[in-house]
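# Observations on the three-dimensional arrangement
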Amino acid sequence: MSSSPFRATADALAAEAIALQEKLGAGLRTLPEVGDVHYGVTPREEVWRDGKVVLYRFIGDTAPTAKVPLLITYALVNRPYMVDLQEDRSLVRGLLAQGQDVYLIDWGYPDRSDRFALLDDYVNRYIDGAVDHLRQTSGEDAINVLGICQGGALSLCHAALHPAKLRNLITMVTPVDFHTPDNMLSNWIRMVDVDLLVDTLGNVPADLMNLSYLMLKPFRLNVQKYVGLLDILDDRRAVQDFLRMEKWIFDSPDQVGEAFRQFAKQFYQANGFVEGGIALDGEAVDLSRLQMPILNIYAEQDHLVPPDASKALRGLVGSQDYSELSFRGGHIGIYVSSRAQREVPSAIAGWLSAR
């Protein structure tokens, strides 16, 4: 008898079918026990607000030892609680444990009333307003900023326009060169008629943005992970972790139309950091004005912001104190993986303490 090209026997197939049936049966018992999943485990308090935008201060188990506040600016396209997802997956908790005084800007959920807000509003109103509040309340002339992903790009703009207000700047998985060959998302956006898109839709729906990100890895993100869910159906904690991540992925805000138009055209299409041409309220953004110490953290397996897209920062800034830190993982793993919990907060705190 010839063997199957898949080397599967009837007994092996039967055993696999039984195992799958047992997993599904366990899932019927596990899923009703899971209930709603929660995120944002670290206590926090609102310290400043401007409309929908809120500045939070995180409260650790002990008082911070660092005198200079650390402000986290996250991307506009996702909710910022990814940095404090759960107790054992929290960049915020790691930074607090290192003695940092940690703050976070929450952009909220834009609606049609925000349709004509500009990047200038996000940089020179919201980020600058939060920075000024922290400078005033801390008594420090300049604070530390940690910009993540798109939030890092916005932080670079703010630092270039207001360099005296930042003592140290940290960028994490931040796109700088938007035209690297391996940047699939950029290759897509460069082919989009952004004016037609925004003029037609106004604010860009979150579902459209999510679909674009999922299609970067269609099999992995739309099929494989749900097949993998079968393997953990008998593990309540693992199911909770899975659902918590799913909740974050699909809990995305709409994108403000005019700000999206500016970011897509000036950054993705015109590659403005590298080629020049980024201007906010008529003022040019020149990264050579960045003289403060800079730590640039990138992920080696990042499919959204390839390493070369981040590492381009070195050749554009004017700082003589520029450092890079590579992380062995992906765009999301740099916040939530067990390796990230061990390596990233301590690396950030150590770099800051040396300055």
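Residues numbered from 1 in each chain as written. Predicted model: local features only at pLDDT ≥ 70, side-chain atom pairs only at ≥ 80, totals over all residues. Heavy atoms only, no water.

With that settled, consider the packing of helix α3 (residues 119–138) against helix α4 (residues 150–161). Any two packed helices are characterised by how steeply their axes cross, that is the angle between the axes, and by the distance between the axes. Interhelical geometry of α3 versus α4 gives an angle of 75° and a closest axis separation of 10 Å. On the basis of their axis angle, the class for α3 and α4 is roughly perpendicular. Packed against α3, whose contacting residues are Leu-119, Val-123, Asn-124, Ile-127, Asp-128 and Val-131, the element α4 presents Leu-154, Ser-155, Cys-157, His-158 and Leu-161 at the interface. Residues of the contact of α3 with α4, tallied by class, amount to seven nonpolar, three polar and one charged. (Axes fitted to C-alpha atoms, helices over the stretch in contact; angles between N-to-C directions. Helix = DSSP H or I, 4+ residues; strand = E, 2+ residues; numbered from the N terminus. Parallel < 35°, antiparallel > 145°, perpendicular 65-115°, else oblique. Contact = heavy atoms within 4.5 Å. Nonpolar A, V, L, I, M, F, W, Y, C, P; charged D, E, K, R; others polar.)

Counting through the fold element by element, Pro-64 comes out in the loop between β2 (53–58) and β3 (70–73). Expressed as a C-alpha distance, the spacing of Pro-64 and Asp-101, which sit 37 residues apart in the sequence, is 5.3 Å. Residue contacts for Pro-64: discarding those within four places in its chain leaves Arg-57, Gly-99, Gln-100 and Asp-101.

What you see with β3 is no split at all: Leu-70 and Ile-72 on one side and Leu-71 and Thr-73 on the other are buried throughout. Here β3 pairs with strand β7 (residues 143–148) via four bridges, running parallel. Of the residues in β7, the one forming a bridge with Ile-72 is Leu-146. (Buried < 20%, exposed > 50% of the residue type's maximum accessible area, 1.4 Å probe, protein only. Pairing = 2+ DSSP bridges.)

Moving on: helix α7 (residues 206–214). Considered for burial, the residues of α7 that qualify are Ala-206, Met-209, Asn-210, Tyr-213 and Leu-214. Mapping the buried residues of α7 onto a view down its axis gives an arc of 135°, with all of them on the same face. (Arc of directions from axis to C-beta.)

Let us look at the side chain of Gln-100. Here Gln-100 is to be found in the loop between α2 (91–97) and β6 (102–106). The residues contacting Gln-100, other than those within four sequence positions of it, are Pro-64, Ala-66, Leu-70, Leu-95, Ala-349 and Leu-352.

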